[in-house]
Amino acid sequence: MVKIIMHGCNGHMGQVISDIVEKDPNAQIVAGIDIADQGKNSYPVFTNIDDCQVEADAVIDFSSPKAFDKLMDYCEKRTLPVVLCTTGLNEEQLARVEESAKKIAVLKSANMSLGINTLLKLVQDAARVLATAGFDMEIVEKHHNLKVDAPSGTALALADSLNEAMDNQYHYVYDRSQRREKRDAREIGISAVRGGSIVGEHEVIFAGQDEVIEFKHTAYSKAVFGKGAVEAAKYLAGKPAGRYDMSDVIEG
Ligand SMILES: NC(=O)c1ccc[n+]([C@@H]2O[C@H](COP(=O)([O-])OP(=O)(O)OC[C@H]3O[C@@H](n4cnc5c(N)ncnc54)[C@H](O)[C@@H]3O)[C@@H](O)[C@H]2O)c1
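Bear in mind the structure is a predicted one, so any value in this text is a computation, not a measurement. (Residues numbered from 1 in each chain as written. Predicted model: local features only at pLDDT ≥ 70, side-chain atom pairs only at ≥ 80, totals over all residues. Heavy atoms only, no water.)

Undergrad: What's the story with the sheet that holds strand β5 (residues 82–84) in this structure? I'm lost.
TA: With respect to topology, seven strands assemble into an open sheet ordered β3-β2-β1-β4-β5-β6-β12, the strand pairing being parallel. Two strands bound the open sheet, and with one partner strand each, they are β3 (45–46) and β12 (242–244). Against the sheet, helix α3 (residues 91–100) engages β5, β6 (105–108) and β12, with an angle of about 145° to β6. (Pairing = 2+ DSSP bridges. Helix = DSSP H or I, 4+ residues; strand = E, 2+ residues; numbered from the N terminus. Contact = heavy atoms within 4.5 Å. Axes fitted to C-alpha atoms, helices over the stretch in contact; angles between N-to-C directions.)

Undergrad: Before we go on, may I ask you to explain the site of the ligand in this structure?
TA: Of all residues adjacent to the ligand, which total 22 residues, the nearest are His12, Met13, Asp34, Thr87 and Met112. Here a nitrogen atom of the ligand sits 3.1 Å away from a polar atom, N or O, in the main chain of serine 109. Note that an oxygen atom of the ligand is positioned 3.2 Å from one of the side-chain N or O atoms of lysine 222. For the ligand, whose accessible area on its own is 860 Å², the fraction buried by protein is 77%. Its residues assigned to classes, the shell around the ligand comprises eight nonpolar, eleven polar and three charged. (Near = heavy atom within 4 Å. Polar contact = N/O pair within 3.5 Å; in protein donor to acceptor, adjacent residues only side chain to side chain. Areas by Shrake-Rupley, 256 points an atom, 1.4 Å probe, with all protein chains shown as cover. Nonpolar A, V, L, I, M, F, W, Y, C, P; charged D, E, K, R; others polar.)

Undergrad: Can you walk me through the packing of aromatic side chains in this structure?
TA: Tallying each qualifying case throughout the model produces two aromatic pairs. Measuring from ring centre to ring centre gives 6.0 Å for tyrosine 235 and tyrosine 244, while their planes differ by 75°; the resulting arrangement is edge-to-face. The two residues tyrosine 235 and tyrosine 244 agree in class, both being buried. For lysine 239, the ring lying beneath its charged end belongs to tyrosine 235, and the centroid distance is 4.3 Å. (Phe/Tyr/Trp six-rings, centres within 6.5 Å; stacked < 30°, edge-to-face > 60°. Buried < 20%, exposed > 50% of the residue type's maximum accessible area, 1.4 Å probe, protein only. Lys NZ or Arg CZ within 6 Å of the ring centre and 35° of its normal.)

Undergrad: In this structure, what is going on with helix α5 (residues 153–165)? I would like to understand it.
TA: Each α-helix turn comprises 3.6 residues. Residues three or four places apart therefore point the same way. Between its first and last C-alpha atoms α5 spans 18 Å; for 13 residues at 1.5 Å apiece the expected length is 18 Å, and the two agree. Gly153, Thr154, Ala155, Leu158, Ala159, Ser161, Leu162, Asn163 and Ala165 are the residues of α5 that are buried. Contacts made by the buried residues of α5 are with α4 (114–130), β7 (136–143), β8 (171–173), β9 (187–194) and β10 (200–207). Aspartate 167 sits one or two residues past α5 and shows a positive phi near 55°. (Expected span 1.5 Å × (residues − 1).)

Structure representation (structure tokens):
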């Protein structure tokens, strides 16, 4: 039985994970942490992270970049493995992820779904063939109207995958409104659409002369991210310090 502390327990994802874990005989949420609490959860909730000293095997984080620094201090102090799912971390915070991984097990993924993590690999194979043959690469992502960061962390992860497959020779373009010039062959355009209740769509487009190939992933429910996060927490429990990602979980 893997004992989990849910950081951001009263948010959308915190509640999705609470439901998933309730039905999972191999996992249990032993405590929650959030800035506000109405006492609706079946586990104790702490509004100050330092007050939570409940014994646990791993922390799952779906909260806010604002909570990140205190969370990492806490996990390091208690030597707790942490599954970082919050997106929109700044450069300094991303550097801290690497530093913390020298002391504790850290798994960070912009998208916890199995489908996206498979897509991250597939587009690398496609890029090696198609971008090398002169195809332009573009990413279009769509999310609900409550999402505050753009482009999505997953769109950036897809761009990083494409770029890595092409020996990091590409740069990213988010806005073409300020320039009146043709696109550069070595750019990856990333466009963000926000509206309604769209859970998450990511499209990677390889556009060549007279032919276009598109890879598309659609998340129909936030449960896909929750399931992945719980599996990641089970995987990370008891693991030594280091930087992990979802491909480690998928490969077991
Ligand atoms: N990696 C993924 O697969 C994935 C999937 C979905 C969402 N996300 C990301 O996860 C994050 C949370 O998403 P959400 O939809 O649950 O958002 P949400 O706003 O519904 O929930 C966030 C929760 O964190 C709490 N919180 C804010 N500041 C805090 C602090 N300082 N300490 C403790 N708790 C704090 C809020 O009170 C809220 O309950 C976002 O960054 C989102 O982009 C990642």
